[in-house]
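Fold and geometry: a report
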Amino acid sequence: MTGDETRDEVRLTNLDQPLFDGADATKRDLVDYLDAVHDRILPALRGRALSVMRVRPGQAPFMQKNLPKYAPSWIRTVTIWAEASHRQVSYALCDDRRTLLWFANQRAVEYHPALLVGDHFTHLVLDLDPPEGGDFSLVVRAAGLIREALTQAGLSGAVKTSGAKGLHVFVPVVAGISMEDLAAATRAVAARAERLDPALATTAFIREDRQGKVFLDSTRAGGATVVAAYSPRIRPGTPVSFPVGWDELDRVTPRDFTIRTAPGLLGDGDPWAAGLPSPQSLPPDLIEEGHTIPVARVQAMHEGKRRAARARRGE
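Owing to the predicted nature of the structure, the values given are computational and were not obtained by experimental measurement. (Residues numbered from 1 in each chain as written. Predicted model: local features only at pLDDT ≥ 70, side-chain atom pairs only at ≥ 80, totals over all residues. Heavy atoms only, no water.)

1. What to know about the overall build of the chain
Scanning the chain from N- to C-terminus turns up nine helices and 15 strands. For the chain, the C-alpha radius of gyration of 20 Å lies close to 20 Å, the compact-globule estimate for 315 residues. Scored against the burial criterion, the 315 residues of the chain give a buried share of 52%. Residue pairs in contact within the chain that sit at least 24 positions apart in sequence constitute 70% of those at least 6 positions apart. Carbon and sulfur atoms provide 51% of the accessible area of the chain, an area that totals close to 14,800 Å². Each charge class in the chain was averaged separately, 39 positive and 39 negative side chains, and the resulting centres sit 6 Å apart. (Helix = DSSP H or I, 4+ residues; strand = E, 2+ residues; numbered from the N terminus. Rg over C-alpha atoms; globule rule 2.2 N^0.38 Å. Buried < 20%, exposed > 50% of the residue type's maximum accessible area, 1.4 Å probe, protein only. Contact = heavy atoms within 4.5 Å. Areas by Shrake-Rupley, 256 points an atom, 1.4 Å probe, with all protein chains shown as cover. Lys, Arg positive; Asp, Glu negative; His and termini not counted. Charge placed at Lys NZ, Arg CZ, Asp CG, Glu CD.)

As structure tokens, this is what we get:
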């Protein structure tokens, strides 16, 4: 093999190079995987500002938001003001197979779309992370708490592995919900789930305050991104974020789903599209409760400053 070929008018190069240390995969494996699932992953990317994690030979992985100037002119873009860096960012819109193949050739392994399409925030998302050294079964139990809290609020969602050690719960929401109300409702769901079993789960944003519990991260709202269903991850063995039925969670592990195994498990199906419920309205009491809960990042920042001040005083 020469390591080069062309698909959909995209020239693919150096395909036989290792993908990254510990990947157990080549660049060709990445391209072949993304091509095999392009009709499943593209609906999760289409119309959304895209950030990608790329990995070049001999370099650490890096997040790319701005589409490079050398990118083909046929890639659609959307320009968004980035408050943190005080600049306009030109994001790619990965709307078709050709764009996806171009990104694969750039060694873009991870695909992190925005939760926003146009001016519509499309999902309420909870990110569940196990404690350091904690077994995946703990995250599965915590996901059950999220599901119960959603059910009690009259809502339903779908679940997928994060591709790392945790789980993501997605709740599609109707158009017209403000960023502030969506973020508030997300905080309220996490808080209600925590109250169901405070020995298992926590909403504590500061890591040392979690005391070996599963972290229910409610900060994936607004301008945040979440790795797409079917996206590979830069982890040993190149796992992928994979949809799992609620009743199957206790029979799988994140290691079951890799760029080598996922296409065979999918067959011709799209369990993510099939598992997502229709968009839902958020109950007013959920939003109201959430607005009484401090924003985790802001609360953590103030607490960090207080702790630093106490440390300086020797308390």
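2. Some points on the packing of aromatic side chains
Enumeration over the complete set of coordinates arrives at seven aromatic pairs. Taking 6.2 Å as the distance between ring centres and 90° as the angle between the ring planes, the aromatic pair formed by Y230 and F242 counts as edge-to-face. Here Y230, found in the loop between β14 (214-217) and β15 (243-244), pairs with F242, found in the loop between β14 and β15; they are twelve residues apart in sequence, far enough to count as distant. We classify Y230 as buried; its relative accessible area is 0%. Among the residues examined, F242 registers a relative accessible area of 6% and is labelled buried. Here the aromatic residues Y70, W102, F103 and Y111 are joined through ring pairs into a cluster of three or more. (Phe/Tyr/Trp six-rings, centres within 6.5 Å; stacked < 30°, edge-to-face > 60°.)

3. Brief notes about the nonpolar core
Within the largest apolar cluster, 87 residues are counted, with the highest numbers of intra-cluster contacts made by F103, Y111, L124, L128, I146, L216 and L282. Top element by residues in this core is helix α4 (residues 136-152). It accounts for nine residues. Setting aside chain neighbours within four positions, we find L282 in contact with L124, L155, V173, I177, L182, A185 and I287. Counting five residues, the second largest nonpolar core, distinct from the first, contains A49, A82, Y91 and A114. (Core = buried A, V, L, I, M, F, W, Y, C linked by side-chain atoms within 4.5 Å.)

4. A look at the sheet that holds strand β13 (residues 201-202)
The mixed open sheet is built from six strands, whose spatial order is β13-β14-β10-β12-β11-β15. Among the strands making up the open sheet, the edge pair consists of β13 and β15. Judged from the two bridges that link them, β13 and β14 form a sheet pairing that is parallel. Each bridged residue has a counterpart across the sheet, and for A201 the counterpart in β14 is V214. The strands touched by α4 within the sheet are β10 (123-129), β12 (167-172), β13 and β14, with β12 carrying the most contacts at an inclination of about 15°. Most of the contacts of helix α5 (residues 179-196) go to β10, to which it runs at about 40°, and overall it touches β10, β13 and β14. (Pairing = 2+ DSSP bridges. Axes fitted to C-alpha atoms, helices over the stretch in contact; angles between N-to-C directions.)

5. Observations concerning helix α8 (residues 284-291)
One turn of the α-helix equals 3.6 residues, which is why residues spaced by three or four share an orientation. Every buried residue of α8 is accounted for by L286, I287, E289 and G290. Projection of α8 onto a plane perpendicular to its axis shows the buried side chains occupying an angular sector of 165°, all on one side. α8 presents P284 and E288 as exposed residues on the side facing more than 90 degrees away from its buried surface. Looking at the buried residues of α8, the elements they touch are α5. (Arc of directions from axis to C-beta.)

6. Considering the pattern of salt bridges
Here the structure, examined in full by the defined rule, presents 22 salt bridges. Of the charged contacts in the structure, one is a salt bridge between E5 and R7, with a shortest N-O distance of 2.7 Å. Under the relative-accessibility criterion, E5 is labelled partly exposed at 26%. Where R7 meets D32, a salt bridge forms, and the shortest distance between an N and an O atom there is 2.5 Å. One end of the pair, R7, is in strand β1 (residues 5-7); the other, D32, is in helix α1 (residues 27-36), and 25 residues separate them in sequence. Judged by its relative accessible area of 15%, R7 is buried. By relative accessible area, which is 32% here, D32 ends up partly exposed. The network of salt bridges with shared partners includes E5, R7, D8, D16, R28, D32, D35 and R97. (Salt bridge = Lys/Arg side-chain N within 4 Å of Asp/Glu carboxyl O.)

7. Some thoughts on the side chain of E289
With respect to the helices and strands, the residue E289 is situated in helix α8. Under the relative-accessibility criterion, E289 is labelled buried at 19%. Only 3.0 Å separates the side chain of E289 from the side chain of R195, close enough to count as a polar contact. Contact partners of E289, with chain neighbours within four places excluded, come to A188, A191, R192 and R195. (Polar contact = N/O pair within 3.5 Å; in protein donor to acceptor, adjacent residues only side chain to side chain.)

8. Regarding the packing of α5 against α8
Relative to each other, α5 and α8 sit at 85°, their axes nearing to 7 Å. Taken together, the axis directions place α5 and α8 in an arrangement best described as roughly perpendicular. Only D285, L286, I287, E289, G290 and H291 of α8 make contact with α5, whose side of the interface consists of E180, D181, A184, A185, R187, A188, V189, A191, R192 and R195. (Parallel < 35°, antiparallel > 145°, perpendicular 65-115°, else oblique.)

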